[in-house]
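# Examination of the molecular architecture
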Amino acid sequence: MTSQPVTITLAPRTQTIKKTHLKSICLQYQLYLLLNSHFFCLLKNEMGLIIFFLCAYVPKTVAGHCKWAEVLKDLEQIKTSKDIDVSLYTANTDEGKECQEPVMRCFFLETEVILQECLIKNCSKTQDVWNIWKNGNASLEKNKLNSKTSAKCKECEEYEEKNFTEFIQSFVKVIQKECKH
C-alpha cells in the first residue's frame, strides 16, 4: 500500500501566524504518515530513532512560543514615547493566577485609552499601540469561552491610576510572567 502526498490548504488568518508554525504542522503530518506505516521498523535503525526524536521535539518547540511575543515587542516600541501623557488604571503585577486573565483584560482595556489619546494627538506610536490593542484582544477573545473570573479579582477601575511609564513597566512584567507559564 503506497500513500499519496496530501496537500493541506490553509486560509490566511492573520499576520501573526509564523511560517515556522506552518512548517511544523506539515512536518508533523509527514512524520505521522511515515511513522503510521513503518513505526516499529523505523525504531530498529538509527534514522528511525532520529525521526522519532524529531517528532517528540517539534511540538515542544512550537508550544514554547509565547502568544504574547508580538505584544511584548510593540510594548518595547512605545515605552519611550514622549507624546503619550495619560493616567491609566494599572493592575498589580503580583495578582494570583486566578486573576491573571482579568489583569490582562484590564491592561488591554487601558491600551484602548492610549490608542484614543494617540488618535487625538496624532502621536508617533499610534500604529504600535493599535497593534498591541488588536493582538491582545484577539488573543483574549480566543480564551473568552473558557474564562472563569474569581469573585476576589478586582475590576480594572479599582486599581490605582499611574502614569504612562509605570503602566508600561507593569504591563511588560505581566506579559513576561504570562510567557513563562
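Here is a short report on the structure shown in this document. (Residues numbered from 1 in each chain as written. Predicted model: local features only at pLDDT ≥ 70, side-chain atom pairs only at ≥ 80, totals over all residues. Heavy atoms only, no water.)

A count of helices and strands for the chain gives 6 helices and 2 strands. Reading the chain from its N end, one meets helices and strands in the order α-α-α-β-α-α-β-α. Relative to its full complement of 181 residues, the chain shows a buried share of 31%. A separation threshold of at least 6 residues defines the contact pool for the chain, and within that pool the share at least 24 residues apart is 82%. Summing over all exposed atoms, the chain offers an accessible surface of approximately 12500 Å²; the carbon and sulfur share of this is 55%. (Helix = DSSP H or I, 4+ residues; strand = E, 2+ residues; numbered from the N terminus. Buried < 20%, exposed > 50% of the residue type's maximum accessible area, 1.4 Å probe, protein only. Contact = heavy atoms within 4.5 Å. Areas by Shrake-Rupley, 256 points an atom, 1.4 Å probe, with all protein chains shown as cover.)

Of the residues making up helix 3 (residues 69–78), those classed as buried are V71, L72, D74, L75 and I78. Buried residues of helix 3, viewed axially, fall in a sector of 165°; they line one side. (Arc of directions from axis to C-beta.)

We now examine the packing of aromatic side chains. The full count for this structure, using the stated rule, is 6 aromatic pairs. In this structure an aromatic cluster arises from ring pairing among W68, F107, F108, F167 and F171. (Phe/Tyr/Trp six-rings, centres within 6.5 Å; stacked < 30°, edge-to-face > 60°.)

Turning our eyes to something else, we now look at unusual backbone geometry. Positive phi is not limited to glycine here, since N122 has a value of about 55°. For N122, the position within the fold is in the loop between helix 4 (100–121) and helix 5 (126–143). On the basis of relative accessible area, N122 is assigned to the exposed category, the value being 67%.

Another aspect to go through is the packing of helix 4 against helix 6 (residues 164–180). The interhelical angle for the contact between helix 4 and helix 6, taken along N-to-C directions, is 140°, at an axis separation of 11 Å. Helix-helix and strand crossings are classified by hand; for helix 4 and helix 6 the assignment is left-handed. Two secondary-structure elements touch here, helix 4 through Q100, V103, M104, F107, F108, E110, T111 and I114 and helix 6 through F164, F167, S170, F171, V174, I175, K177 and E178. For the contact of helix 4 with helix 6, a count of residues per class yields 10 nonpolar, 3 polar and 3 charged. (Axes fitted to C-alpha atoms, helices over the stretch in contact; angles between N-to-C directions. Left-handed = near helix turned anticlockwise from the far one by under 90°. Nonpolar A, V, L, I, M, F, W, Y, C, P; charged D, E, K, R; others polar.)

Judged by nonpolar contacts, the single largest core of 31 residues is most densely connected at L75, F108, I114, F171 and I175. Sorting the residues of this core by element identifies helix 3, helix 4, helix 5 and helix 6 as the ones contributing at least two each. Ranked by residues supplied to this core, first place goes to helix 4 with 8 residues. (Core = buried A, V, L, I, M, F, W, Y, C linked by side-chain atoms within 4.5 Å.)

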